[in-house]
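A closer look at the structure
Residue strings, one per chain:
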Amino acid sequence: MTRSTLNLDENLYNYLLNISLREHPILQELREITAQHQAAQMQIAPEQGQFMAWLVQLMGAKKTLDIGVFTGYSALAVAIALPPDGQVIACDRDPRPTAIAQTYWKKAGVADKIDLRLAPALDTLAQLLEQGAAESFDFAFIDADKGNYLNYFEKCFALVRPGGVIAIDNVLWSGRVADPHDQDKRTLKIRAFNEFLHQDSRISLTVLPMADGLTLARKL
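**Considerations on the sheet that holds strand β1 (residues 63–67)**
Spatially, the seven strands line up as an open sheet ordered β3-β2-β1-β4-β5-β7-β6, and their pairing is mixed. Single-partner strands in this sheet number two, and they are β3 (114–118) and β6 (203–208). Ignoring strand direction, the axes of neighbouring strands in this sheet form an average angle of 15 degrees. By the bridge criterion, six bridges tie β6 to strand β7 (residues 214–219) in an arrangement that is antiparallel. The residue of β7 that forms the bridge with Leu208 is Leu214. Of the strands in this sheet, β4 (137–142), β5 (160–169), β6 and β7 touch helix α3 (residues 46–59), which is tilted by about 165 degrees from β4. Here helix α5 (residues 95–107) sits on the sheet in contact with β2 (87–92) and β3, set at roughly 170 degrees to β3.

**As for the packing of aromatic side chains**
A full pass over the atoms with the stated rule returns four aromatic pairs. Note on Phe51 and Trp54: the rings are 5.9 Å apart at their centroids and 25 degrees apart in plane angle, and the pair reads as stacked. Here Phe51 pairs with Trp54, and both are found in helix α3, just three residues apart, close to one helical turn. On the numbers, 6.0 Å between centres and 35 degrees between planes, the contact of Phe153 with Phe157 is tilted. Residue Phe153 and its partner Phe157 are both found in helix α7 (residues 149–159); the two are separated by four residues, about one turn of the helix. The residues Phe153 and Phe157 share a single accessibility class, namely buried. Through successive ring pairs, a cluster of aromatic residues spans Tyr149, Phe153, Phe157 and Phe193.

The rules behind each value
- Residues numbered from 1 in each chain as written.
- Predicted model: local features only at pLDDT ≥ 70, side-chain atom pairs only at ≥ 80, totals over all residues.
- Heavy atoms only, no water.
- Pairing = 2+ DSSP bridges.
- Helix = DSSP H or I, 4+ residues; strand = E, 2+ residues; numbered from the N terminus.
- Axes fitted to C-alpha atoms, helices over the stretch in contact; angles between N-to-C directions.
- Contact = heavy atoms within 4.5 Å.
- Phe/Tyr/Trp six-rings, centres within 6.5 Å; stacked < 30°, edge-to-face > 60°.
- Buried < 20%, exposed > 50% of the residue type's maximum accessible area, 1.4 Å probe, protein only.

Purely spatial values, then, with no claim about function.
Structure (structure tokens):
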């Protein structure tokens, strides 16, 4: 028994995956391909993708946002979990890794569920608001440039319905947020963002020590 979260060494982490991970074959293939990418560290953990898929199914979600696509693992995990009429609006500005994403979305048979918007995400989100999409989304996942986390959150907050969930990745930042000597700009931004959400009375909040830290903010 323990009153705090276990530290997962490699052996225990592998055990966790062995007893829980039910990864779609195309997700596994995409993850293995992405592991060879020069920016492979940007890939979310497979158990995190599975958790988000489980969450959107639990919520009965149909409309979701994916902010920061990279090679498309998170968007694919969610799209597979959505019903046939579900939709992911995926926001990124880099056509190179998203070309990989599109290949695997098509291979998994869910390309019709994913609407890729190649533009600055803040512009895409602002455009959605201008088009009357406020409070029409069930779920949003933010995993893009850390300096804009608060801006992304505010736009997603406006777009997500009451009771909807915004998930934010990398909030524990490899432990650097807890190191007072770390004054890197991105660390400071994430630290300030975490403190802001902790005090935000518009949401109910939990932070999971999953992968690099995953915040779940439910709009009240």
